Amino acid sequence: MGGASSYIAMLSIAGFLGAAWTASKVSRLLGISSIVLEIVVGVALGPRGFGIVSPVYTVCETKRVDNCGGPEDLDERIEKGLPLGATLGHIASIGVCHASDYEHHGHEDHSMGGNGLFNMSIDYVGGATPAVSEGDHGEHGEHGEHGTEHTEHGEHSSGSHGDSHGAGHRRLSGGHYSSYKECLIKECQHDVDENCGSFPDFFTLIGHAGVGLMIFESGMHFDFEKAQVVGPPAVAVAILGTILPLVVGTLLTVLFGRPLMPDGIAAGTALAPTSVGIALRLLGEAGVLQENFGQAIITAAFVDDILSLVLFNVLFSLGGTFDAFKTIFAPLIGIGFMGFACVLAVKFWPKFLRDYLLARVPAKAEGAKISAQDEALFLFMFALLFIYATITHFLGTHLWGCFIAGMSFACLDPPHHAHHVWVKQTKRWTSWMIRIFFTGTVAFSIPLQQLLSIDAFWKGSIMGIFACIGTKVICAFFMGKPKWVIGWAMVGRAEFAYLIAQMALSSGMMDEGTFSVVIWALLYATVFAPFVFRFLLNRYVASEGLGEGAAGTGFSDSDSSIYEENNKHEIRKDQDLEGIDVAGAIKSKATEYGQSSPGGDEKALDAKAVRNLDENKGKGGLLCCLFFKKVVVN
């Protein structure tokens, strides 16, 4: 009857997205982070669970088409010099594996890597361990006898043996494969991972795009003036909060039996980033965001993100043979570029946009929902985002450029207007992209059987308690009375941490077992951090007589919507002023929190004065707003 139709595919995707949306809403009702249920839904309905969505959309094409396991008689084909099939034949033809390298090694090679905890050799490249039997390790001599036959079949060149072999055999370290067969399989997996990284499946592509937008939005909230006040201690907190999880996570990974490079470093890097979202929301609800310890938390979290981006950049520059430019010079150039971009953000962009670009944009007709100046600003945001992301892409990772681009709009006049313009246009996109990131990108990568194993659980519990939570809690030990509040504020994890783990897996820098352990560790921080931080924050606020009362749950769908509550009041006011250019009317005037626009002379009011001001303006707020609108229009 129906014939060929894409309706079933559409129905399955709609059902999957509906389940993801439901998980987000149920999380709010239960008072838990939406990340947890979104990952659960993704694992249950994904390709390793019930498989409600076709693998065409959930598994990258290269992984579906290429067969790195080779034909069933692979051993015999290698021994006789027969064709190895399309996939492994291609790997043999590009010259990264040479049978002659295994001619005379015999059993001696088995001791080369050693079995110590800090063994620097790697026994895999791809994300999954290939099915290579123990017996294969003794076949070096047999494979070597047929080295000339492989050459005759054209599957690899007879030249260039020697130093180039070592580089080809170990893209991540200086060790060796144990057999020609293993080299072919592992290099094939590495090739598949590289192709899937460049051309991922649909859900992974959408999820990664969402993380980029979220990081751009986070950069827009960096406060350069506040960073100068609380900068030194906050930077110290950020440095400790980045280094300690890296070191402890790396050591625990090694103790669990994985090599230092790349597994240990990759796992430690995934544990380093802090999520500023939950902390920012709870601080705002408690009315202490402008307190010194609140600003120290926010500044430390942003600096922590910057340091984690640098680590991320260095980590993935180690994904091949050692390259001095990628590993050393590219990060240094990136740091220099970020410093230059910060100077532009403070000194150049505010004046350029206000006096040159936006001032020359013709105004729309009265009553337009969005002004022409805001449209031009939004277009310029995207342009700068793409430019900066492209620059840092060639320096290691585009995410670094996303954050730097966001920082470029942190000082515009009036304060937070650029963020309001961005959120108004992209909030729903970003929320759905981040939801897809957790239910698709992360969840589809999780090996369900290994994640639910006792081994992964107990290792993940240890790593979660000590490396993921404990290291962050103690990073503010020198911050006086609020030290535990600041420490627990740094515990939260969100998109960036999961992204590093997922990309390390897809790049072959972490096997599925280690990935499962890291996911358990991150889930510990994701689940427990909001509850403990809220309790400690409310207790500290009450003891010091600060703020406006107890904070709420602090949970949101994702970091992309963490500023929603803080912006609701501003958005409601703006709804009556759509299409009216109020920038000139409030230029250089104090904002609701008593802060002038950049370059103004007003000083920030304290929290109590702000609360008194809010209470007094409640009765006449509507009349004042109507009067203000009338004055501006006339």
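Quick caveat, the model's predicted, so the values are computed rather than measured. (Residues numbered from 1 in each chain as written. Predicted model: local features only at pLDDT ≥ 70, side-chain atom pairs only at ≥ 80, totals over all residues. Heavy atoms only, no water.)

Participant: Tell me about the overall build of the protein, and name the residues and values.
Facilitator: Scanning the protein from N- to C-terminus turns up 28 helices and zero strands. For the protein, the residues scored as buried account for 51% of the 634 residues in total. In the protein, once contacts between residues fewer than 6 apart in sequence are set aside, the share between residues at least 24 apart is 80%. When the accessible area of the protein is evaluated, it comes to approximately 28,400 Å², of which 63% is carbon and sulfur surface. (Helix = DSSP H or I, 4+ residues; strand = E, 2+ residues; numbered from the N terminus. Buried < 20%, exposed > 50% of the residue type's maximum accessible area, 1.4 Å probe, protein only. Contact = heavy atoms within 4.5 Å. Areas by Shrake-Rupley, 256 points an atom, 1.4 Å probe, with all protein chains shown as cover.)

Participant: Go over the packing of helix α11 (residues 202-219) against helix α23 (residues 495-506) with me, naming the residues and quoting the values.
Facilitator: Where α11 contacts α23, the axes come no closer than 11 Å and their chain directions differ by 140°. Between α11 and α23, the angle falls in the class oblique. Handedness of the crossing formed by α11 with α23: left-handed. Residues Thr 204, His 208, Val 211, Met 214 and Ile 215 of α11 form the contact with α23, whose participating residues are Glu 495, Phe 496, Leu 499, Gln 502 and Met 503. A breakdown of the residues in the contact of α11 with α23 according to their chemical character gives six nonpolar, three polar and one charged. (Axes fitted to C-alpha atoms, helices over the stretch in contact; angles between N-to-C directions. Parallel < 35°, antiparallel > 145°, perpendicular 65-115°, else oblique. Left-handed = near helix turned anticlockwise from the far one by under 90°. Nonpolar A, V, L, I, M, F, W, Y, C, P; charged D, E, K, R; others polar.)

Participant: Can you explain the state of the cysteines? Please cite residues and give values.
Facilitator: Should the sulfur atoms of two cysteines be covalently bonded, the bond is a disulfide. Within this structure, the stated rule accounts for three disulfides. At a sulfur-sulfur separation of 1.7 Å, the disulfide partner of Cys 60 is Cys 196. Of the two residues, Cys 60 is situated in the loop between α3 (55-58) and α4 (61-65) and Cys 196 in helix α10 (residues 180-198); the sequence distance between them amounts to 136 residues. Using a relative accessible area of 11% as the deciding quantity, one classes Cys 196 as buried. (Disulfide = S-S within 2.5 Å.)

Participant: Give a description of the packing of aromatic side chains that names residues and reports values.
Facilitator: Within this structure, the stated rule accounts for 27 aromatic pairs. Ring geometry for Phe 312 versus Phe 496: centroids 5.7 Å apart, planes at 55°, classification tilted. With Phe 312 in helix α15 (residues 292-317) and Phe 496 in helix α23, this residue pair connects regions lying 184 residues apart in the sequence. You can call Phe 312 buried: its relative accessible area is 2%. Judged by its relative accessible area of 8%, Phe 496 is buried. (Phe/Tyr/Trp six-rings, centres within 6.5 Å; stacked < 30°, edge-to-face > 60°.)

Participant: Any details on a nonpolar patch on the surface? Residues and values, ideally.
Facilitator: On the surface, a cluster of nonpolar side chains totalling about 550 Å² of accessible area is made up of Phe 325, Ile 328, Phe 329, Leu 332, Ile 333 and Ile 335. The residue Ile 328 is located in helix α16 (residues 324-357) in this model. The exposure class of Ile 328 is partly exposed, given its relative accessible area of 41%. (Patch = residues over 30% accessible without salt bridge, like charges linked within 9 Å, V, L, I, M, F, W, Y side chains within 5 Å. Salt bridge = Lys/Arg side-chain N within 4 Å of Asp/Glu carboxyl O.)

Participant: Can you break down the nonpolar core residue by residue, with the values?
Facilitator: Residues Ile 297, Phe 409, Tyr 498, Phe 533 and Leu 537 are the most contacted members of the largest nonpolar core, which totals 124 residues. At 16 residues, helix α24 (residues 512-544) tops the list of elements feeding residues into this core. Other than its neighbours up to four places away in sequence, Phe 533 contacts Ala 279, Leu 282, Leu 283, Ile 297, Val 485, Trp 488 and Ala 489. (Core = buried A, V, L, I, M, F, W, Y, C linked by side-chain atoms within 4.5 Å.)

Participant: Would you mind going over the pattern of salt bridges in detail, with residue names and values included?
Facilitator: Where charged atoms from two side chains of opposite charge approach closely, those side chains can pair. The tally for this structure, following the rule as stated, stands at 13 salt bridges. Across the salt bridge formed by Arg 258 and Asp 511, the nearest N and O atoms sit 3.7 Å from each other. With Arg 258 in the loop between α12 (224-255) and α13 (260-271) and Asp 511 in the loop between α23 and α24, this residue pair connects regions lying 253 residues apart in the sequence. According to the relative accessible area criterion, Arg 258 is buried, its value standing at 17%. Between Asp 355 and Arg 354 there is a salt bridge; the shortest N-O distance is 3.1 Å. With relative accessibility at 31%, the residue Asp 355 sits in the partly exposed group. The exposure class assigned to Arg 354 is partly exposed, which follows from its relative accessible area of 32%. Here the salt bridges share partners, and the residues they tie into one network are Arg 258, Asp 263 and Asp 511.

Participant: Can you lay out the confidence of the model for the protein for me, pointing to particular residues and giving the numbers?
Facilitator: The predicted coordinates of low-pLDDT regions are not to be read in fine detail. On average, residues of the protein score 75 in pLDDT, and 72% of them reach the 70 mark or higher. The least confident element of the protein, judged by mean pLDDT, is helix α28 (residues 621-633) at 35; the most confident is helix α21 (residues 454-473) at 95. Below a pLDDT of 50 lies the segment residues 553-634, which in the model reaches 123 contacts outside its immediate sequence neighbourhood of four places, other chains included. (pLDDT = per-residue confidence, 0-100.)

Participant: Could you give an account of helix α2 (residues 34-45), naming the residues involved and the relevant values?
Facilitator: Look at α2: 17 Å from first C-alpha to last across 12 residues, which is about the 16 Å you get at 1.5 Å a residue. Across the 12 residues that make up α2, a large majority, nine, are buried. If you follow the buried residues of α2, they end up packed against α1 (7-30), α19 (417-445), α20 (448-451), α23 and α24. (Expected span 1.5 Å × (residues − 1).)

Participant: With reference to specific residues and values, describe the environment of Ile 404.
Facilitator: Relative to the helices and strands, Ile 404 resides in helix α18 (residues 398-407). Through-space distance from the C-alpha of Ile 404 to that of Phe 216 is 7.5 Å; in sequence the pair is 188 residues apart. Setting aside chain neighbours within four positions, we find Ile 404 in contact with Phe 337, Met 338, Ala 341, Tyr 388 and Thr 392.

Participant: An account of unusual backbone geometry is requested, with residue identities and associated values reported.
Facilitator: A cis amide bond links Met 261 to the next residue, Pro 262, at an omega of 0°. Tracing the sequence through the fold places Pro 262 in helix α13. For the bond from Asp 413 to Pro 414, the omega torsion is 0°, close enough to zero to count as cis. On the secondary structure map, Pro 414 appears in the loop between α18 and α19. Look at His 416: it is not a glycine, yet its phi comes out positive at around 70°. Positionally, His 416 belongs in the loop between α18 and α19.

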